[in-house]
Amino acid sequence: MAVAGPPDPLSPADPPHRPEQAEPGQTDQPEQVTFLIVGAGFSGLGAAIRLKQVGYTDMAIVERAGDVGGTWRDNTYPGCRCDVQSNLYSYSFEPKADWRESFPSQPELWAYLRSVASKHGLQRYLRFGHEVTAARWDADSCRWRVSTTAGSFTARYVIAAVGALVEPSLPDIPGIESFAGTIMHSARWDHGWEAAGRRVAVVGTGASAIQIVPSIQPEVEHLTVFQRTAPFVVPHTNHPVSPQVSGLYRVLPASQRASRFAIYWMRELLAFGFVKNPKLLKRAELAWRKHMESAIADPVMRAQLTPAYDLGCKRVLPSNDYYPAIARDNVSLVAEKIIEIRPDAVVTADGAEHLVDTVILATGFHVTDNPTFGKITGKNDQTLASAFGSTYLGTVLPGFPNYFQLTGANTGLGHSSMLLMIESQLNYIADGIAKTLAGDAPFEVRAEVAAGYNAELQRKLPRTVWGSGCSSWYLDSEGRNLTLWPGFTFDFRRRTREFRTSDFTIG
Ligand SMILES: Cc1cc2nc3c(=O)[nH]c(=O)nc-3n(C[C@H](O)[C@H](O)[C@H](O)COP(=O)(O)OP(=O)(O)OC[C@H]3O[C@@H](n4cnc5c(N)ncnc54)[C@H](O)[C@@H]3O)c2cc1C
């Protein structure tokens, strides 16, 4: 049965994704600002709040979509939830006493970000429907010249907060464009689509897939899950936050800070296993096996669901309902490689044709090859795409004067909240601005400082669990890990505490 659906799996089906575009060419005069922030997710909003807190208000935040929220605006698939506790996955300066659950769901996180933006009066700085199409350093004027789909800007500083998991990656499967049913990427969910009675293929078994599968399994007629490599799926400890606990947080904010502190240290202990001694993760592997075997009785399926790499090498995924969903009668797990998509079927290497009317691509994102990186050009016509691997502290790059990157190279985490890294970067940026704003001279990190730093990281990374031999989205096309921070978050916090002027040329 062919079902009409959106022909382009990347097309934004949900109104919040659709940019509220201004008329092209509406304004020819560039808007001049001291600070131009690109992106209105956790990073961009956090940057704007930090600038305001230290008294800088000559700024604009350009955002290609029609609302704030970034990840938590775009990923509206059923079951989408953060896998870090709400008390840690929130700004340290904006605790929320009344989280509904201990691990926040996407709608709650999106609402949180909207309310934080509103509380801090960011509306006047936000320019929705402004997608950056080019940003170029102009050495003569020492300003960035930035073009967007709805007007241009000149800025003394650019703070790029364009996200790391933001550009959906589509698999290169022959025939994919011929599929006649509904095909959509997990980050572009089509809310007009109804699961009831469908024959669905979910491609991928990463973080989004393991949330989607149990959410739609009870409704669909049949679900085929196409797995390239088995993930480690471990027990989830999510639970509702009781009114008593919220009440306590409200009257005694220190109790919520204590909870955050405890969660923080529990997670930092995990980093010890990931980075220093992967053998420590063996106990977690035992817990995983118990969890998997308690839901899966079939020995063949157990073998299919057993990863062939060390726990931690790929992202460890928490879920209590993924394995039970996989075991249901209306679900098939296929570990054969997909070789073709036909108008009504997915074909695998063993020649099997799996008839489906919907394909859900839970295939992740362009991480180190984000297309926006090719649109940002520093000195000597060098783009961010080619310079990405030379980023210093994930934040500044040689050849990119007065430029800050949030969640840049090697700032990702396998064990804790990205907010910890983002806030560290904001400290560094605020200090950098304070130390360079008075003169008009641009700053640029010294090439040898950035090279020494990256050599250190690339020496460390192969000895971590992520270098233990699996293929993952943490690695780029050359097998380099430009994604993860190989250490404790307190170490990153320490290294970003001060913008050391000796690391830079200024002038
Ligand atoms: C499904 C999912 C689950 C996740 N779960 C976790 C988790 O459990 N724990 C965790 O720590 N992290 C998690 N993350 C990572 C998450 O992305 C970060 O924690 C955080 O939200 C990043 O915020 P950000 O502002 O840097 O980027 P984003 O939230 O991606 O925001 C970037 C913004 O930039 C805008 N933008 C991009 N390009 C342009 C352009 N050219 N012009 C204008 N605007 C542009 C985008 O529209 C977007 O609004 C998850 C990510 C995803 C996708």
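Residues numbered from 1 in each chain as written. Predicted model: local features only at pLDDT ≥ 70, side-chain atom pairs only at ≥ 80, totals over all residues. Heavy atoms only, no water.

Colleague: I'm lost on the sheet that holds strand β16 (residues 358-361) in this one. Help?
Modeller: Backbone hydrogen bonds are what pair the strands of a sheet, in a parallel or an antiparallel way. Strand order in the open sheet formed by five strands is β7-β16-β8-β9-β12, and the pairing between neighbours is parallel. Looking at which strands have only one partner, the edges of the open sheet turn out to be β7 (182-185) and β12 (331-334). Taken pair by pair, the neighbouring strands of this sheet meet at an average axis angle of 15 degrees, ignoring direction. Two strands pair when backbone bridges link them, and strand β8 (residues 199-203) and β16 are joined in this way by four bridges, in the parallel orientation. Counterpart to Val-203 in the pairing with β16 is Leu-361. Across the sheet, helix α4 (residues 209-216) touches β8, β9 (222-226) and β16, and the angle it forms with β8 is around 165 degrees. (Pairing = 2+ DSSP bridges. Helix = DSSP H or I, 4+ residues; strand = E, 2+ residues; numbered from the N terminus. Axes fitted to C-alpha atoms, helices over the stretch in contact; angles between N-to-C directions. Contact = heavy atoms within 4.5 Å.)

Colleague: Explain the site of the ligand here, please?
Modeller: For the ligand, the set of nearby residues contains 34 residues, the closest of which are Ser-43, Glu-63, Thr-71, Asp-83 and Tyr-89. At 2.6 Å from an oxygen atom of the ligand is found a side-chain nitrogen or oxygen belonging to Asp-83. Contacts to the ligand include Met-418, whose backbone N or O atom sits 2.8 Å from an oxygen atom. The fraction of the free accessible surface of the ligand (980 Å²) that becomes covered by protein chains is 95%. It is helix α2 (residues 71-74) that provides the largest number of residues to the shell around the ligand, a total of three residues. Per-class residue counts for the shell around the ligand are 15 nonpolar, 13 polar and six charged. (Near = heavy atom within 4 Å. Polar contact = N/O pair within 3.5 Å; in protein donor to acceptor, adjacent residues only side chain to side chain. Areas by Shrake-Rupley, 256 points an atom, 1.4 Å probe, with all protein chains shown as cover. Nonpolar A, V, L, I, M, F, W, Y, C, P; charged D, E, K, R; others polar.)

Colleague: So what exactly am I meant to see when it comes to the pattern of salt bridges here?
Modeller: Two side chains that carry opposite charge are able to pair once their charged atoms sit near each other. Tallied over the entire structure, the rule returns 30 salt bridges. Across the pair Glu-353 and Arg-342 runs a salt bridge whose closest N-O atoms are separated by 2.9 Å. One end of the pair, Glu-353, is in strand β15 (residues 353-355); the other, Arg-342, is in strand β13 (residues 338-342), with eleven residues separating them in the sequence. Overall, Arg-342 belongs to the partly exposed group, its relative accessible area being 31%. Of the charged contacts, one joins Lys-435 and Asp-431 as a salt bridge, the two residues approaching to 2.9 Å between their closest N and O atoms. Of this pair, Lys-435 and Asp-431 both sit in helix α11 (residues 418-436), four residues apart, which is roughly one turn of that helix. Taking relative accessible area as the criterion, Lys-435 reaches 36% and is therefore assigned partly exposed. Beyond isolated ion pairs, a larger network of salt bridges with shared partners links Glu-63, Arg-73 and Asp-74. (Salt bridge = Lys/Arg side-chain N within 4 Å of Asp/Glu carboxyl O. Buried < 20%, exposed > 50% of the residue type's maximum accessible area, 1.4 Å probe, protein only.)

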